[in-house]
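Now for the letters of each chain:
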Amino acid sequence: MKKISNYIIERKEYNFLDPKKRNEITVFDIDDTLVFTKSKIKIHDTKTGERYELTPQEFNDYIKKPHHEQDFSDFSSLEILKAGKLIDWVVNILKQTLKKKKAVGVITARGDRQLIKDFLMHIGFDINIDFIFAINDPRHGLTGTVPEKKKEAFKRLMELGFNDFRFFDDSKENIDFANQLADDYPNIKMYAKHIKQR
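Procedures and definitions
Residues numbered from 1 in each chain as written. Predicted model: local features only at pLDDT ≥ 70, side-chain atom pairs only at ≥ 80, totals over all residues. Heavy atoms only, no water. Helix = DSSP H or I, 4+ residues; strand = E, 2+ residues; numbered from the N terminus. Rg over C-alpha atoms; globule rule 2.2 N^0.38 Å. Buried < 20%, exposed > 50% of the residue type's maximum accessible area, 1.4 Å probe, protein only. Contact = heavy atoms within 4.5 Å. Areas by Shrake-Rupley, 256 points an atom, 1.4 Å probe, with all protein chains shown as cover. Lys, Arg positive; Asp, Glu negative; His and termini not counted. Charge placed at Lys NZ, Arg CZ, Asp CG, Glu CD. Salt bridge = Lys/Arg side-chain N within 4 Å of Asp/Glu carboxyl O. Pairing = 2+ DSSP bridges. Axes fitted to C-alpha atoms, helices over the stretch in contact; angles between N-to-C directions.

### Focus: the overall build of the protein chain
Part 1 of the reasoning: A tally of helices and strands in the protein chain yields six helices and 12 strands.
Part 2 of the reasoning: Over its C-alpha trace the protein chain gives a radius of gyration of 17 Å, about what one expects of a compact globule, namely 16 Å for 198 residues.
Part 3 of the reasoning: In terms of principal-axis extent, the alpha carbons of the protein chain reach across some 55 × 40 × 35 Å.
Part 4 of the reasoning: In the protein chain, which comprises 198 residues, the share counted as buried stands at 46%.
Part 5 of the reasoning: Put simply, 71% of the contacts in the protein chain that link residues at least 6 apart link residues at least 24 apart.
Part 6 of the reasoning: Accessible surface computed for the protein chain: about 10700 Å², of which carbon and sulfur atoms make up 49%.
Part 7 of the reasoning: Separation of charge centres in the protein chain, based on 36 positive and 32 negative side chains, amounts to 6 Å.

Structure follows, in structure tokens:
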């Protein structure tokens, strides 16, 4: 498959981002936004001995209890990710954005930025790794809840000079924090789209 490259893939200096202009970037979540996979979060209740699994969508509403152990090992598998079903209409937005020579980023709750880069290459998209945030990857040094980490990832994109965002995510909570970000920083523009399950 022919790769569609981000026009700034090899650039490490982002002085082309003029703070006086609108610098656009379209940001995608991965799970249940770009792709459906069979990855599950495994929960072990050490109090009752019960074990069960949650989809990423179910995990959005999950409330962790002190006696719950969580296993995210499925999300470390590139093969499971590659075997997923792409959400075509969202992938098409990514494709068209790159064709217009606009920047694309990823902010996902997964824990390995390189795995996301490799997956995107597998489906035909070469995206600048500096714009990929797997928020549970220790390399990023992010702390807090998932929405707090995603908010911090957005701030890092803002520090690079981006100020005009389109954001696609399946979590309503993440959409709400993105809209709050625009309230907190009046100089940025935010269009946040909730990807609802059909």
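### Describing the pattern of salt bridges
A side chain of one charge can pair with a side chain of the opposite charge if their charged atoms are brought near each other.
Part 1 of the reasoning: In this structure the tally under the stated criterion is 12 salt bridges.
Part 2 of the reasoning: Across the pair E152 and R156 runs a salt bridge, and its minimum N-O distance is 4.0 Å. With E152 and R156 both in helix α5 (residues 146-160) and four residues apart, this pair spans about one turn of that helix.
Part 3 of the reasoning: According to the relative accessible area criterion, R156 is partly exposed, its value standing at 25%.
Part 4 of the reasoning: Counted as one network, the salt bridges with shared partners bring together D29, K150 and D169.

### Some points on the sheet that holds strand β2 (residues 24-28)
Part 1 of the reasoning: The five strands are arranged β10-β8-β2-β11-β12 in an open sheet whose pairing can be described as parallel. On the outer flanks of this sheet lie β10 (132-134) and β12 (189-194), each paired with one strand and no other. The mean inter-strand angle of the sheet, taken between neighbouring strand axes irrespective of direction, is 15°.
Part 2 of the reasoning: Here helix α4 (residues 113-122) sits on the sheet and contacts β8 (103-108) and β10; the angle it forms with β10, its principal contact strand, is near 130°.

### Describing unusual backbone geometry
Part 1 of the reasoning: With a phi angle near 65°, D32 is a residue other than glycine that sits in the positive phi range.
Part 2 of the reasoning: In this structure, K101 takes a positive phi of about 60° despite not being glycine.
Part 3 of the reasoning: In this fold, K101 is placed in the loop between α3 (88-99) and β8.
Part 4 of the reasoning: Classification of K101 by relative accessible area gives exposed; the value is 55%.

### Regarding the sheet that holds strand β6 (residues 68-71)
Part 1 of the reasoning: Strand order in the open sheet formed by three strands is β5-β4-β6, with antiparallel pairing between adjacent strands. At either margin of the open sheet sits one strand with a lone partner, and together these are β5 (51-54) and β6. Averaged over all adjacent pairs, the angle separating strand axes in this sheet is 25°, with direction ignored.
Part 2 of the reasoning: Relative to β6, strand β4 (residues 41-45) is paired through four bridges, and the arrangement is antiparallel.

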